[in-house]
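# Structure at a glance
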Amino acid sequence: MTLTGAPPSFASIASPDILFYLNGTRIALNASEIDPDATLLDFIRSQGPGLTGTKLGCGEGGCGACTVVIQNKHPRTGVLQHLAVNACLAPIVSVDGKHIITIEGLGNSDNPHPLQERMWRMSGSQCGFCTPGIVMSLYALLRTAYSDPARLGRLTVEDVELNGALDGNLCRCTGYKTILDTAKTFVGEYLAKAQSANDSISEDKDFIVPINHTAANLDAGEVVSDYCKTNHSKPDPTELSTDISLPTPSIYETPVPPIDLTSGASGRTAPVASVSNSSATAPKGCGRADCCQLPSSSEGKTQAKHPWFPRFTFRSYKPGTELIFPPALSKYTPKPLMFGNEDRVWLRPTTLDQLVDVCQALPNVKLVGGSSEIQIEVKMKAQAYPVSVYISDIPELFSITLPTPSIPSLTFGANLPLAELELLCQTLLSSPDPSYAIGPLDAIRTQLRYFAGWQIRNVASVGGNIATASPISDLNPVWVAVGAKVLARTGEGAVELGMDDFFVGYRKTRLPKASVIEKIVVPLDGGPREVVKAYKQAKRRDDDIAIVTSCFVMRVDEEGVIQHAKFAYGGMAAWTISTPKTQAYVVGKSFSYDTLEGALEVLAAEVDLPFDVPGGMPSFRKTLALSFLFKFWNGVSAQLNIPLHNGEATLSTNPQDIISSIHRQVGTGRRDNSDPYAQEVVGKSEPHVSGLKHTTGEAVYTDDMPSVQNEGYGALVLSTRAHAKIISLDASKALEMKGVITFVSHADLPSPKANVWGAAALDELFLAVDEVTAYGQPIGIIVAKTKLQAQRAARAVDVVYEDIKPLILTIEEAIELGSFHEQYDRRMERGDNVDEVLKGVDHVAEGTTRMGGQEHFYLETMACLASPECPGIASSLEGNAWVEDLEEKKHGALRYRLDRCNDPHIATNRCLMKLSAIVALAAHKTRRAVRCMLDRTEDIQTTGQRHPFRIDWKVGFTSEGKIIALKASLYANAGYSLDISGGVVDRALAHVENCLYIPHVQLRGRCCKTNTVSNTAFRGFGGPQGMAAAEHYVEVIADRLGLEVDYVRGINLYKEGQETPYHQPIPTLIRSSTGMSLASCKIAASQATMINVVLKSIASTSIKAMNQGAALVHIYMDGSVLVAHGGTEMGQGLYTKCCQIAAQELRIPFEAVFTSESSSNTVPNTIPTAGSAGSDLQGYAVHNACVELNKRLEPYRQKLGDDASLAALAAAAWADRVSLSATGFYKPEGLGYEWGNMKKSGNLFMYFTQGVAATEVEVDTLTGDHTVLRVDIHMDVGKSLNPAIDYGQIEGAFTQGQGWATIEESLWLRHNGAIFTQGPGAYKLPGFSDIPQIFNVSLLRDAEWPNLSSIKASKGIGEPPLFLGASVALAIRYALKSARKDAGITDVQEFRLPLTSERIRMAAGDFLAKKGTVERQEGGRDGFFAYI
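Residues numbered from 1 in each chain as written. Predicted model: local features only at pLDDT ≥ 70, side-chain atom pairs only at ≥ 80, totals over all residues. Heavy atoms only, no water.

### Focus: the overall build of the protein chain
Put simply, the rule is: Under the scheme used here, helices are H or I runs from DSSP no shorter than 4 residues and strands are E runs no shorter than 2 residues, and both carry numbers assigned from the N terminus. In this scheme, a residue with accessible area under 20% of its type's maximum is buried, one over 50% is exposed, and one in between is partly exposed, where area comes from a 1.4 Å probe on protein chains only. Contact criterion: two residues are considered in contact whenever any of their non-hydrogen atoms come within 4.5 Å of each other.
From N to C terminus, the protein chain includes 36 helices and 56 strands. Taken over 1428 residues, the protein chain has a buried fraction of 63%. Restricting the contact set of the protein chain to residue pairs at least 6 apart, pairs at least 24 apart contribute 78%.

### Some details on the pairing of strand S4 (residues 80-86)
For clarity, the cut-off: Strands were regarded as paired on the criterion that DSSP finds at least two bridges between them.
With respect to burial, S4 is a largely interior element, six of its seven residues being buried. As judged from the seven bridges shared by strand S3 (residues 67-73) and S4, these two strands associate in the antiparallel manner. Paired with Gln71 across the bridge in S4 is His82. Between S3 and S4, which pair antiparallel one after the other, the connecting turn spans six residues, and Gly78 there sits at a positive phi close to 80 degrees.

### Some remarks on the side chain of Lys1137
The residue Lys1137 is located in helix H30 (residues 1134-1146) in this model. The contacts of Lys1137, once residues within four sequence positions are left out, are Ser1175, Leu1281, Asn1282, Ile1285, Asp1286 and Ile1357.

### Some words on helix H27 (residues 981-989)
Burial analysis of H27 places nine of its nine residues in the buried class, the great majority of the element. Within H27, burial applies to Ser981, Gly982, Gly983, Val984, Val985, Asp986, Arg987, Ala988 and Leu989.

### Points about the confidence of the model for the protein chain
Cut-off, in case you're wondering: Confidence of the prediction at every residue is given by pLDDT, a number between 0 and 100.
Across the protein chain, pLDDT averages 87, with 86% of residues at or above 70. In this model residues 264-273 is a low-confidence stretch, pLDDT under 50, and it forms 28 contacts with partners more than four residues away in sequence or in other chains.

### Regarding the packing of helix H16 (residues 593-606) against helix H17 (residues 618-639)
So the rule is basically this: Here the axes come from fitting lines to C-alpha atoms, over the contacting stretch only for helices, and the angles between their N-to-C directions go from 0 to 180 degrees. Every angle not falling under 35 degrees, over 145, or within 65 to 115 is termed oblique; those three ranges are roughly parallel, roughly antiparallel and roughly perpendicular. In this scheme the crossing of two helices becomes right-handed for a clockwise turn of the near helix relative to the far one and left-handed for an anticlockwise turn of less than a right angle. Each residue is assigned to one class: nonpolar for Ala, Val, Leu, Ile, Met, Phe, Trp, Tyr, Cys and Pro, charged for Asp, Glu, Lys and Arg, and polar for all the others, Gly among them.
Running from amino to carboxyl end, H16 crosses H17 at an angle of 160 degrees, the nearest separation of the two axes being 10 Å. Taken together, H16 and H17 sit at an angle that is classed as roughly antiparallel. The two elements H16 and H17 meet at a crossing, and its hand is right-handed. Across the interface between the two elements, Tyr593, Thr595, Leu596, Ala599, Leu600, Leu603 and Ala604 from H16 touch Lys622, Ala625, Leu626, Leu629, Phe630 and Trp633 from H17. In terms of residue class, the contact of H16 with H17 is built from 11 nonpolar, one polar and one charged.

### Some points on the pattern of salt bridges
Threshold: We define a salt bridge as a contact between a side-chain nitrogen of Lys or Arg and a carboxyl oxygen of Asp or Glu at a distance within 4 Å.
Under the defined criterion, the tally for this structure stands at 68 salt bridges. Between Asp167 and Arg449 there is a salt bridge, and its shortest N-O distance comes to 3.0 Å. One end of the pair, Asp167, is in the loop between helix H5 (157-161) and helix H6 (177-184); the other, Arg449, is in helix H11 (residues 439-449), and 282 residues separate them in sequence. Here Asp167 matches Arg449 in class, with each residue buried. A salt bridge links Asp986 to Arg826, with the shortest nitrogen-to-oxygen separation between them at 2.9 Å.

### Remarks on the environment of Lys738
By the secondary structure assignment, Lys738 is in the loop between helix H20 (732-735) and strand S29 (740-744). Linking Lys738 and Thr786, residues 48 residues apart in sequence, is a C-alpha distance of 9.9 Å.

### Side note on the sheet that holds strand S34 (residues 798-803)
Strands sit in the order S32-S28-S34 across an open sheet of three strands; the sheet is antiparallel. Strand pairing shows two members of the sheet lacking a second neighbour, strand S32 (771-772) and S34, which therefore form its edges. Bridging between strand S28 (residues 724-730) and S34 involves six bridges; their strand directions are antiparallel. Bridged to Ser728 within S34 is Val800.

### Points about the sheet that holds strand S41 (residues 949-957)
Within the open sheet, the six strands sit side by side as S35-S43-S42-S41-S36-S55. Their pairing is mixed. Strands at the two margins of the open sheet, each flanked by one partner only, are strand S35 (820-830) and strand S55 (1391-1393). Each adjacent strand pair in this sheet contributes to an overall mean axis angle of 10 degrees, direction not counted. Alignment of S35 against strand S43 (residues 1000-1009), held across seven bridges, turns out to be antiparallel. Its bridge partner lying in S43, Arg826 is registered against Gly1005. Its contacts with the sheet place H27 against S35, S41, strand S42 (963-975) and S43, and it is angled at close to 155 degrees to S43.

### What about helix H8 (residues 352-361)?
All of the buried residues along H8 are Leu352, Gln354, Leu355, Val356, Val358 and Cys359. Those residues of H8 that are buried lie in contact with helix H1 (8-11), strand S13 (345-348), strand S14 (366-368), strand S15 (387-390), strand S18 (485-490) and strand S22 (516-523).

### Here's the deal with the packing of aromatic side chains
Ring pairs (aromatic) are described by centroid distance and by the angle formed between their planes. To keep it simple, the criterion reads: Note on ring pairs: Phe, Tyr and Trp rings are taken, using the six-membered ring of Trp, and paired if centres are within 6.5 Å. Classes follow the plane angle, with under 30 degrees stacked, over 60 edge-to-face and the rest tilted.
Applying the stated criterion across every chain yields a total of 27 aromatic pairs. Aromatic side chains Phe186 and Tyr317 sit 5.4 Å apart centroid to centroid with 85 degrees between the ring planes, which places their arrangement in the edge-to-face category. One end of the pair, Phe186, is in the loop between H6 and strand S7 (188-189); the other, Tyr317, is in the loop between strand S11 (312-314) and helix H7 (327-330), with 131 residues separating them in the sequence. Its relative accessible area of 2% is what places Tyr317 among the buried residues. An angle of 80 degrees between the planes, with centres 6.3 Å apart, marks the rings of Tyr1062 and Tyr1233 as edge-to-face. Of this pair, Tyr1062 sits in the loop between helix H29 (1045-1051) and strand S44 (1080-1081) while Tyr1233 sits in the loop between strand S50 (1221-1226) and strand S51 (1247-1260), and the two are 171 residues apart along the sequence. Tyr1062 sits in the buried class, given a relative accessible area of 0%. Overall, the relative accessible area of 11% leaves Tyr1233 in the buried class.

### Some words on the packing of helix H31 (residues 1174-1200) against helix H32 (residues 1206-1215)
At a closest axis distance of 9 Å, the pairing of H31 and H32 adopts a crossing angle of 115 degrees. Crossing geometry of H31 relative to H32 is assigned as right-handed. Facing Leu1193, Tyr1196, Arg1197 and Leu1200 of H31, the residues of H32 in contact are Leu1206, Ala1208, Leu1209, Ala1212 and Ala1213. Class assignment of the residues belonging to the contact of H31 with H32 gives a composition of eight nonpolar, no polar and one charged.

### A few points about the environment of Gly1230
One can find Gly1230 in the loop between S50 and S51. Between the C-alpha atom of Gly1230 and that of Gly1242, which follows or precedes it by 12 residues, the distance is 6.3 Å. In this structure, Gly1230 is in contact with Gly1242 and Asn1243, ignoring residues within four places of it in sequence.

Structure follows, in structure tokens:
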């Protein structure tokens, strides 16, 4: 369309010119020159280097990586706001008249904001990709605490942790605790107030917010204020001796300096002092009595070591000195806007009358408020909206009319943001003597508290939420139940619509065409005998879309007769519904348990669901509908004090157990901070070497690299069938589209063989030829001038398919049809014939352990930049060895580089191999650089995940609980290609006994071939799946014999010297759980329990060739050192530890060592960084290179003295023409296990590590909710190279394991084999509110590791702790055992992970679950989802 589609009265005054400020800089933008589909994130990142800290993580506002702060004046109150928003959703039109603050606006690594600095020093960052978004969410919180009068100038721990400030941010690495602790250092009073003579309040802009040690779980002595001039980690370079390294006089000593015959023309700088020779003058200290810089008060005595560890130097925070709101914007008056192109036009009216006129002229326009849903529809679903009207700058739509005694209702404008409505309800609820009913307000507040994250709530409007008519809306059931009204405006005037029948179909309402919702009216006239309650259940408590949501209203008279009832549900139909049959049944009856029982029967029939209902989970959804009514009925009983006399069917004798919901409390937790093995550098807690760049947004990831001239952007064309022939492929329409350069397919390869690749077997194609075997399989790639152009064109490529049967998705289907990857069939045996042994044991038990997969969900999706000129390939994850063959080039002709990646021990290197090869082919064809960064949906479709497993086992055991024999068959869903599934099953086979000694073992592993994405490596690499089976059969044994699980586990623990099924002897295991006793508290509607889990894990990979490391170390003339190695920094601190090793060996400060990117031209033929062996292999290689350099420097150290600086040694060696560069190589000895050899051969692994967790949970058996009350972890890391990093790895691994075992569920659509969980909206990671409320971590100390030959006697820590997170699921199972017993169920619960809220609720087995169960009808269709 053309821009003339707008009404003339509007077009005549509209302009395309947008004015806003970005980090204090004025931006005047002609919006007609930009793509109308572009977002604020697109604009910010297009500005090039220096503004790439704002990241694209998901594109749907669910991860928070794109968070920025909008600073503007509230349209109604004029109060200065600081709103965290998702830049990936915000249209460009939305920023007019506002000040945008990005991570770069806070500070940089030379002058960081106190928040950025503390996040770095407290190890709140690992991979760093999510960090800028988290910092910005917290920044909004700090600024709001200072500037918003409603906050009263203070920040509380509840604001940080309980009120949802970080609900909209995700992190895959840290485990969240260090981030929360960092934020809590800012808790306190934000305004220094002084009473003046006229009692006015004045603000002190120099006021410093004190560091809150208690809230941040720090001892006061762990922090030193920044007015202590000493930087405790860096020697002062001005106070270092330069006598040795600058032997000749300088211009300061003589007017004519002599020629330095040693250095010649090479140039000299001041040296970096050695660790042992820093002649810094002691500073005067910071004023503290215990300042670490003060000399000992007792002369001649050694000063005692400071009792706290580590010590942090924090910058002071002065809230009065932040970025101001640009004065020019205070006077800015918004004007109508209009811009766009032939595909899409944006209009921005500034008055309600203008908006009504536009809607009358263009009745099919799309009204856009917060853009929280429409942007997803445009980007993810390719929806076309030719005319979009932005309505969030219309002041009339922000009005609020408070309730009064004469008009007991709350009226507010349709554009009122959800966050503001929540605060409004809280304010009204806090009134000491309200003249209005508070039930509806409490229901609204209850639903909004868990409605998305603050980034969404800050912009999403109430009217928009109503108009979209989502069937799972949290608020719509409230409006229906309480009788709210919508006031709409049309060209003819105002229209009033009741909400009780407002929703009439899927995404359909009774709203007249071309009308605008102006206001919502909520009646607050219910009397004291009216009860209103709202409920919601989702996969996780915070920031999640509802599975079922509801609101109930009931009025009971003094005689106990129900006078009025209104029950409304979301998630039970294609639109929000009420239940008239159930309502009619209860009205007029006495409020009693008998009435409840009858109502449940009527409701069960009224909300019955088919087995294949869209959205799946029919039994769970129906059970929730019944459970919510049951919960509400008990709530009415308690509120109106009407006792419920019932038979035996209630779930609890205490109604409070039924009424209450699980709510998280403020979290605490400690680390046993100590450094008994610390040397000068190694063993000390150093923050991540890139951490400050993470927190300031300066860290460069692949897609942050500057654009290259004539660069093209690639968008993959992916299969939309799971198993089909390709009948035809036509890219002609796409090639005609604007900006498209070319389309690349298999036909552009030099030969058919060049299209073949594979991680273990050459069984996969880069680009499909005539058949696709999985949904999302790459078929080709479009190259265009921009990302948006490429994505539009990719959708226009026409592929015609013919489906092939069978469609195999699940392990069970593969077993039934005999579909396996035949190359792999592994066996492991020890002891006597297991079948014969089982005949002679006291007891035999058998079962099946079933586990789903786990999506990697690294925050940075796969990205690659390939250039034909360099030639070179930069990538976001680990690199590629296939491009050379694909382009018919020798391996040495291409350079691969990787500075950092966002891949927290997920090892998706093989997936990027495929993408980088395809992108390189596109660059080769177009002869220009090509960039490609997958969107989240594309990444999930194409990259695979943790392998789903099925383990069928049989165990024989004695009457005392000793396990004698184990027979198990392990099946992994490998997907359509083998990938490295064989290695994953190898690891599972080696873990299936976990830490238990079983004399007779017979194991077999198979890889199932299915029509799903090819699954690949993930943190743990098969180990967690194997260990889960061990926990299952131990539980079954304990149940069979009537013993405690911990007892059975304890009597079967390995003893020192006993051998594993692969004949490797075991060292001593931890046999206690940090002094915690096993305890359980049985209550009815919620179950709290604690369970211990002992872990035996291993480091290194099971492939001998994968156990080698290489490094390159350079010493420079100023005494600085550059380290390169073959490992990948993915947030695990590998670079940091390698720098510490180099500093220790070369006897220089940690700050003198620098690291370069991983690149094939410095260290070739690298191996994947996997198996928690990065520090072992690459660290030892760095060590060996330094040893070689020390050998070369030894003569000069003898000549110049042990205290000589490295600069002096380097100068002397250089003058003698001694190389200051050395390579290092390391391969561990003793490996050589022979698969298939059932006798003793070499070791399978380098060493064992171990850990134990004691976990306490609370479970709501009515809804399936749970929370982790406490966890205590005790972990063996050997002699830690860096405790700060290792603690973070443990916490992060635990949280990731907790997610795998509880809430992270991948779902596939049964009808077409597509993965359903393609982003954070459907796939749920643990969030800030999911971590343990008490989170304690300690390291094994004072142990002996006599045969540990690893680097500095340390142990790998990235992967082993992950399975400890499964203790959460095991504790939930332990709690459910009590609930199931109450329901008369004595069988051991099915063991299936993840233990989601659905599985928790249905496993309880109570009468509501039985009533809600939906059975598949004979001959009926399969369920909506496939569980692969």
